[in-house]
2 protein chains.
Amino acid sequence: MNAKEPFIAAAARVDAAAIEPLPNSRKIYLEGSRPDIRVPMREIAQNDTPTAFGGEKNPPIFVYDCSGPYTDPQADIDIRRGLPALRAGWIAERGDTQTLPGPSSAYGRQRAADASLDALRFPGLRRQPLRARTGCNVTQLHYARRGIITPEMEFVALRENLNRAAYLESLRKTGENGGKMAALLTRQHPGQSFGASIPQDITPEFVRSEVARGRAVIPANINHPEAEPMIIGRNFLTKINANIGNSALGSSIQEEVEKMTWAIRWGGDTVMDLSTGKNIHETREWIVRNSPVPIGTVPIYQALEKVDGRAEALTWEIFRDTLIEQAEQGVDYFTIHAGVLLRYIPLTAHRMTGIVSRGGSIMAKWCLAHHTESFLYTHFEEMCEIMKAYDAAFSLGDGLRPGSIYDANDDAQLAELKTLGELTDIAWKHDCQVFIEGPGHVPMHLIKENMDLQLKYCREAPFYTLGPLTTDIAPGYDHITSGIGAAMIGWYGTAMLCYVTPKEHLGLPDKNDVKEGIITYKLAAHAADLAKGHPGAQIRDNALSKARYEFRWEDQFNLGLDPDRARQFHDETLPKESAKIAHFCSMCGPHFCSMKITQEVRHFAAEQGIAENEAIAKGLEAKAIEFVKSGAEIYRKV
Amino acid sequence: MNAKEPFIAAAARVDAAAIEPLPNSRKIYLEGSRPDIRVPMREIAQNDTPTAFGGEKNPPIFVYDCSGPYTDPQADIDIRRGLPALRAGWIAERGDTQTLPGPSSAYGRQRAADASLDALRFPGLRRQPLRARTGCNVTQLHYARRGIITPEMEFVALRENLNRAAYLESLRKTGENGGKMAALLTRQHPGQSFGASIPQDITPEFVRSEVARGRAVIPANINHPEAEPMIIGRNFLTKINANIGNSALGSSIQEEVEKMTWAIRWGGDTVMDLSTGKNIHETREWIVRNSPVPIGTVPIYQALEKVDGRAEALTWEIFRDTLIEQAEQGVDYFTIHAGVLLRYIPLTAHRMTGIVSRGGSIMAKWCLAHHTESFLYTHFEEMCEIMKAYDAAFSLGDGLRPGSIYDANDDAQLAELKTLGELTDIAWKHDCQVFIEGPGHVPMHLIKENMDLQLKYCREAPFYTLGPLTTDIAPGYDHITSGIGAAMIGWYGTAMLCYVTPKEHLGLPDKNDVKEGIITYKLAAHAADLAKGHPGAQIRDNALSKARYEFRWEDQFNLGLDPDRARQFHDETLPKESAKIAHFCSMCGPHFCSMKITQEVRHFAAEQGIAENEAIAKGLEAKAIEFVKSGAEIYRKV
């Protein structure tokens, strides 16, 4: 450790709270068809059912795990070194990339040569950037269309299935050993998926076919080999994105890296670095080298920085150089506001809140200043050439999204969406991966129109929305105003939900806000999966509810999205350890517990052998087999 | 002050934080057709638009105010004395009540005679209880059916209109004085109300007709003259309820009274006292005497207390005495689990979480123990006789509501709902006011069925739901899992949403939790009003968004549901006063502010006189007049 580099020394470790394994959980890896496909998952162990309630074993639950090596006690974390390059071999063996001698962007070279930045620079191995060999296209979409199932696709397939087969097998055994509720745990309500095509099990071939038809995206820049592959598409689990990033006014590199590790601990599937302050380039390098999840950016922010904030001074050349600079660092997807056309700008003149997208307003200003069409639109095919050389995905930005309930679903917004559909076709022509950004502020009854038009205009390219916020009147609670809209639009078919924190409209989120935003969006995404009837989505709800019913407090905490808070809230009224095996809780006290009384009702009925009730119950048995009126025994393997 | 009564001395004042007027707000009273009809409202003043943005006046906004005299600086608050009996004259002049010499319940007399309770007892004027004169019926429904518009109905009508006419008039003046955005502020999206019949303006006659057909309830016990009338019905603003109450394990009378004043400060429309611990009777007296909002209870809790927690020892006589005891204290509505029938109990045997309603499980246990039908069901008509003698409303409890996603919309739940419909008819036969409680835990796609069946079975009697929670996997965040379901079911037609706090399933809510639950439900209720297209609902969103767009930070804070938190969040990054008039914020910093750039875009376009854009803009003017594709200029009075 070099004493002259206090920043780097301080940055060696991330916050201890971010790397501790979650309670009663262990990291497991499912191996794929080859030993270097190792898919991480979190296994949550459960206690046995108390003897009074039947004493059965409760097998562990497997849940999706975005946290990467950070929660693996075997991993040696040093953020000065970065994460292992798990995809490097897969990329190399395809033989379609070339190793560049150094950054090919002018800006990348300039920063690399600037010795004054040494103290800030990521000190780990500076991997030489990769680019597609001339004439090659390295996108997952390109491989998929040629019928190739990449290791990334297989990884994703294993990941999406959540080791469900193993869980069902252990439940079967529990049932054989007399576990009475085992069968219940496998059932779920048939959903309403509004035309999604979600199979029972995700195969690598299904992943390939969905990527091939553009209905799903695997953000996987060849310069971000540290990332664990994940997929964004409406026939997969609903994902969430967490935004981090400093502004000119606050927060250091260290803080941003910690926000990233914190965000993925709680379930951020991707992270967008929206920094607009100083040293964006160096901050990004730290983040990408340490991120096991795909990283997105909005390159126009940095381009604007390069012209001192004067939007009218932007040029295609500066933007292009920025794109290459970031693609060679490993950014997995770029928000590009190429749908803000000159002719749409006047459509915003009668709005309540004009253009609220930063990227959208920058481009609007540029278009007006030059009286000409956006260079992002006119150079879109050139951009595709760059994107496919690194497999950076397009996230086509909604620069004209509504910033208030008043402006929801207006002509400006919908005109832009249509243009994004046209750009999607162009991207697909180049085998570039693409998804579409959506609003914003939308009252509940206008949300579905957004989804329906997006599916129509953009031909099922994945939708990625910011909320939407369902009212404007609750600053300080916009994670909730938007969590409502997010759950609904996720149900309707949105593939990824961009989180909103409680600080939205008011300030920069700190770590607490990041966590609050993440958990809110995880629960919204899960509520969407349940409503869509995503196979197996209800397993976790069932397990947690059974734990609750059986007064297995520890399991109830651990199966939840935030075990720490659940435990803390419980302990505020009943702090003793003994209370965690108590057959009551603080809400009602020992005499009034409805769950306790229900248990008594069951025992009472059983003991008394109440004839008529039993007869009814037996009649119900047959009925229960079809479950909740419509036969949802998705996983019952008799 | 008596030194021997430390509790009462301490209780003289409520928490200062609960009585301070909200920032930049003042309490106003609208006078009705007679001087004793004075309807409270909160007027929020706004600053002028900064000169750079046009400099127009922004008239004050009027918002619904549940906080009673507590936020009125003119009021002399002493909770030992209780609130003024604003309805006493209205009740008396109807000439259909008699003043009782004292409590007519055995329990009420016993408590009154117990000197050991003196230190705990509410020390204010002990008003003698009222009851209907023999042969009289004192319900608002009874008056409504006889064509009588009571002062309560007129009060409600004025309250629901939110002084909108005055606001529109001041906007008209602003427009005449050159205010460019005045017209925008009056517009809103047409909603989707799923068959609700919401008029443009609420007249006293409309209130009467809705009450008469049972589609709305005014909870207004003649023994709670302190309450400011409010209405629960799907053609009125969506209301929320906050639960308070101690258990055997915690919290004092003082704390419960403070939770009530705190809950109404933030917008609780009614408060349910769910206490199950000691001194329920005395706690309730303190709460009712100090509450300007209707109070609800679940009388079976106290009845169970009277038989030492042994459900099987309950009798109709004990329950009846409890009902009278509480009705004479002034409880405005009672949750009665009369739909838990013996034959439905076996339907819960295959559930994941059995019976989770406390009242439901108590009654289930009773039914099984006695092998006979619930006394709440068999004595329902006798109950109606009591209810109509005090105008206590029925809140027909859903004792078999689902306690997990698994159990949602199952046979037990829906069978009970149908029975609640039958009981509604019986209550209406007696001119008793009635609304219906609903779930619970329900995945999003099954929520609408709850509303549709409730409307059908219960013939549009108001629905009052607990959430519903849309997933089980987020203990610690169930205000949000349920806020999602609450907003949706409110949109579909639920009239009142029972809040859920972050402590749900884990512990007893403290004041912070109460506030978090209230604000979450206020925003959910408002999102529902917006989606239904409730007249004028968007006024507050429009005003707040305009303030946001014009960088009027103080107004943005003050127009929101929680000005304190909004200000606090803002100040965490930009604490200085000057920042509150800054034309940027901490999220993007001064160079990257999209709102600032949008302003520049507008100015730029105007200065340059860009011909083609202007032509387009003029073409749009005509189009904008019909607003958002379908002509929603609800309030524009040209």
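Residues numbered from 1 in each chain as written. Chains lettered and ligands numbered in written order. Predicted model: local features only at pLDDT ≥ 70, side-chain atom pairs only at ≥ 80, totals over all residues. Heavy atoms only, no water.

### Some words on the overall build of chain A
Item 1. When its secondary structure is counted, chain A shows 25 helices and 15 strands.
Item 2. Here chain A holds 638 residues, and the buried ones make up 68% of them.
Item 3. A sequence separation of at least 24 residues applies to 77% of the contacts in chain A between residues at least 6 apart.
Item 4. Of the roughly 20,100 Å² that chain A leaves accessible, carbon and sulfur atoms contribute 53%. (Helix = DSSP H or I, 4+ residues; strand = E, 2+ residues; numbered from the N terminus. Buried < 20%, exposed > 50% of the residue type's maximum accessible area, 1.4 Å probe, protein only. Contact = heavy atoms within 4.5 Å. Areas by Shrake-Rupley, 256 points an atom, 1.4 Å probe, with all protein chains shown as cover.)

### Focus: the sheet that holds strand β2 (residues 38-44) of chain A
Residue and element names in this part refer to chain A.
Item 1. Within the open sheet, the three strands sit side by side as β1-β2-β3. Their pairing is antiparallel. Strand pairing shows two members of the sheet lacking a second neighbour, β1 (25-31) and β3 (61-63), which therefore form its edges. Averaged over all pairs of adjacent strands, the angle between their axes in this sheet comes to 40°, without regard to strand direction.
Item 2. Taken together, the seven bridges between β1 and β2 define a ladder with antiparallel strand orientation. Within β2, the residue paired with arginine 26 across the bridge is glutamate 43. (Pairing = 2+ DSSP bridges. Axes fitted to C-alpha atoms, helices over the stretch in contact; angles between N-to-C directions.)

### Description of the pattern of salt bridges
Item 1. Taken as a whole and assessed by the stated rule, the structure comprises 94 salt bridges over all chains.
Item 2. One salt bridge connects glutamate 282 of chain B with arginine 111 of chain B, and the closest N-O pair in it is separated by 2.6 Å. Residue glutamate 282 of chain B is located in helix α11 (residues 280-289), and its partner arginine 111 of chain B is located in helix α4 (residues 106-113); the two are separated by 171 residues in the primary sequence. Comparing glutamate 282 of chain B with arginine 111 of chain B, the two get one shared label, buried.
Item 3. Salt bridges linked by common partners bring Glu56, Lys546, Glu550, Arg552 and Asp555 of chain A together as one network. (Salt bridge = Lys/Arg side-chain N within 4 Å of Asp/Glu carboxyl O.)

### Let's talk about the UniProt feature "domain: ThiC-associated" (unreviewed entry) in chain A
Item 1. Under the local residue numbering, the UniProt record ascribes the feature "domain: ThiC-associated" (unreviewed entry) to residues 21-97 of chain A.
Item 2. The annotated region residues 21-97 of chain A carries 8% helix and 23% strand content, and the separation between its end C-alpha atoms amounts to 37 Å. (UniProt positions renumbered as here; feature names shortened; annotations may be inferred.)

### Structural notes on the nonpolar core
Item 1. Phe394 of chain A together with Phe394 of chain B are the most contacted members of the largest nonpolar core, which totals 306 residues.
Item 2. Each residue touching phenylalanine 394 of chain A, except ones within four places of it in the same chain, is listed here: Phe334, Ile336, Phe380, Met383, Cys384, Met387, Ala427, Cys432, Gln433, Val434 and Phe435 of chain A. (Core = buried A, V, L, I, M, F, W, Y, C linked by side-chain atoms within 4.5 Å.)

### Section: helix α16 (residues 380-390) of chain B
All names here are of chain B.
Item 1. Among the 11 residues that make up α16, eight are buried, leaving the element largely enclosed by the rest of the structure.
Item 2. Along α16, the residues that are buried comprise Phe380, Met383, Cys384, Ile386, Met387, Lys388, Ala389 and Tyr390.
Item 3. Buried positions along α16 lie against β5 (130-132), α13 (316-329), β11 (333-336), α15 (375-378), β12 (393-396) and α17 (411-429).
Item 4. Count one or two residues on from α16 and you reach aspartate 391, which has phi positive near 55°.

### Things to note about the packing of aromatic side chains
Residue and element names in this part refer to chain B.
Item 1. Counted according to the given criterion, the structure contains 32 aromatic pairs over all chains.
Item 2. Between phenylalanine 53 and phenylalanine 551, the aromatic rings sit 6.3 Å apart at their centres with planes inclined by 40°, giving tilted as the arrangement. Taken together, the positions of phenylalanine 53 in the loop between β2 (38-44) and β3 (61-63) and phenylalanine 551 in the loop between α21 (538-549) and α22 (553-559) put the pair 498 residues apart, joining distant regions of the chain. Taken individually, phenylalanine 53 and phenylalanine 551 each receive the classification buried, so the pair is uniform in this respect.
Item 3. Between phenylalanine 122 and tryptophan 286 the ring centres are 5.5 Å apart and the planes differ by 85°, which places this aromatic pair in the edge-to-face class. In this pair, phenylalanine 122 sits in the loop between α4 and β5 while tryptophan 286 sits in helix α11, placing the two residues 164 residues apart along the sequence. (Phe/Tyr/Trp six-rings, centres within 6.5 Å; stacked < 30°, edge-to-face > 60°.)

### So, the sheet that holds strand β9 (residues 270-273) of chain A
Item 1. Read around the closed barrel, the eight strands follow the order β8-β9-β10-β11-β12-β13-β14-β15 (chain A); overall the barrel is parallel. With direction set aside, neighbouring strand axes in the sheet form an average angle of 25°.

### Considerations on the side chain of glutamine 454 of chain B
Item 1. Mapped onto the elements, glutamine 454 of chain B comes out in helix α18 (residues 447-457).
Item 2. Residues within four places of glutamine 454 of chain B in sequence aside, it is in contact with Leu417, Ile436, Arg459, Ala461, Pro462 and Phe463 of chain B.

### Focus on the environment of alanine 45 of chain B
All names here are of chain B.
Item 1. Positionally, alanine 45 belongs in the loop between β2 and β3.
Item 2. Judged by relative accessible area, alanine 45 falls into the partly exposed class, the value being 29%.
Item 3. Linking alanine 45 and aspartate 555, residues 510 residues apart in sequence, is a C-alpha distance of 8.1 Å.
Item 4. Beyond its immediate stretch of four places on either side in the chain, alanine 45 contacts Asn24, Pro60 and Asp555.

### Description of the packing of α13 of chain B against α16 of chain B
Residues and elements named next belong to chain B.
Item 1. In contact at an axis separation of 10 Å, α13 and α16 are set at 10° when each is read in the N-to-C sense. The pairing of α13 with α16 is recorded here as roughly parallel in orientation. Taken together, the residues of α16 that come into contact with α13 (itself represented by Trp316, Phe319, Arg320, Leu323, Ile324, Ala327 and Glu328) are Glu382, Met383, Ile386 and Tyr390.
Item 2. Across the contact of α13 with α16, the residue classes tally to eight nonpolar, no polar and three charged. (Parallel < 35°, antiparallel > 145°, perpendicular 65-115°, else oblique. Nonpolar A, V, L, I, M, F, W, Y, C, P; charged D, E, K, R; others polar.)

### Some points on the state of the cysteines
Residue and element names in this part refer to chain B.
Item 1. This model, assessed by the stated rule, comprises zero disulfides over all chains.
Item 2. Here cysteine 66 is not cross-linked by a disulfide; its sulfur's nearest cysteine counterpart is in cysteine 498, at 15 Å.
Item 3. Left without a disulfide partner, cysteine 384 is nearest to the cysteine sulfur of cysteine 432, which lies 4.5 Å away.
Item 4. On the basis of relative accessibility, which here comes to 0%, the residue cysteine 384 falls in the buried class. (Disulfide = S-S within 2.5 Å.)

### Here's the deal with helix α23 (residues 563-573) of chain A
Item 1. Buried residues of α23 of chain A: Pro563, Arg565, Ala566, Phe569 and His570 of chain A, and no others.
Item 2. Buried-residue contacts for α23 of chain A involve α10 (253-266), α20 (511-532) and α22 (553-559) of chain A.

### A short note on unusual backbone geometry
Item 1. Cis geometry marks the peptide bond from glycine 467 of chain A to proline 468 of chain A, where omega comes out at 10°.
Item 2. In this structure, proline 468 of chain A sits in the loop between β14 (463-466) and α19 (478-492).
Item 3. A positive phi angle is found at leucine 162 of chain B, which is not glycine, with a value near 55°.
Item 4. By the secondary structure assignment, leucine 162 of chain B is in the loop between α6 (151-161) and α7 (164-176).
Item 5. Taking the relative accessible area as the measure of exposure, leucine 162 of chain B reaches 19% and is therefore buried.
Item 6. In this model, asparagine 163 of chain B sits at a positive phi of 55°, which is unusual for a non-glycine residue.
Item 7. Mapped onto the elements, asparagine 163 of chain B comes out in the loop between α6 and α7.
Item 8. For asparagine 163 of chain B, a relative accessible area of 16% gives the class buried.

### Points about the packing of α19 of chain A against α20 of chain A
Residue and element names in this part refer to chain A.
Item 1. One can describe the packing of α19 onto α20 by two numbers: an axis separation of 8 Å at closest approach and a directional angle of 25°. Considering their axes alone, α19 and α20 lie roughly parallel with respect to each other. Crossing of α19 over α20 shows right-handed handedness. The segment α19 lies against α20, with His479, Ser482, Gly483, Ala486, Ala487, Gly490 and Trp491 engaging Glu516, Thr520, Tyr521, Ala524, Ala528, Ala531 and Lys532.
Item 2. A breakdown of the residues in the contact of α19 with α20 according to their chemical character gives seven nonpolar, five polar and two charged. (Left-handed = near helix turned anticlockwise from the far one by under 90°.)

### Notes on the pairing of strand β12 (residues 393-396) of chain A
Residue and element names in this part refer to chain A.
Item 1. Of the two faces of β12, the one carrying Ala393 and Ser395 and the one carrying Phe394 and Leu396 are both buried.
Item 2. Two elements, strand β11 (residues 333-336) and β12, share four bridges in a ladder whose sense is parallel. The residue bridging phenylalanine 334 from the neighbouring strand is phenylalanine 394, located in β12.
Item 3. Both β12 and strand β13 (residues 434-438) contribute to a ladder of three bridges, which runs parallel. Across the sheet, serine 395 pairs through a bridge with phenylalanine 435, a residue of β13.
Item 4. In this region the chain leaves β12, passes through helix α17 (residues 411-429) and returns to the parallel neighbour β13; the handedness of that crossover is right-handed. (Right-handed = clockwise from strand over helix to strand, strands pointing away.)

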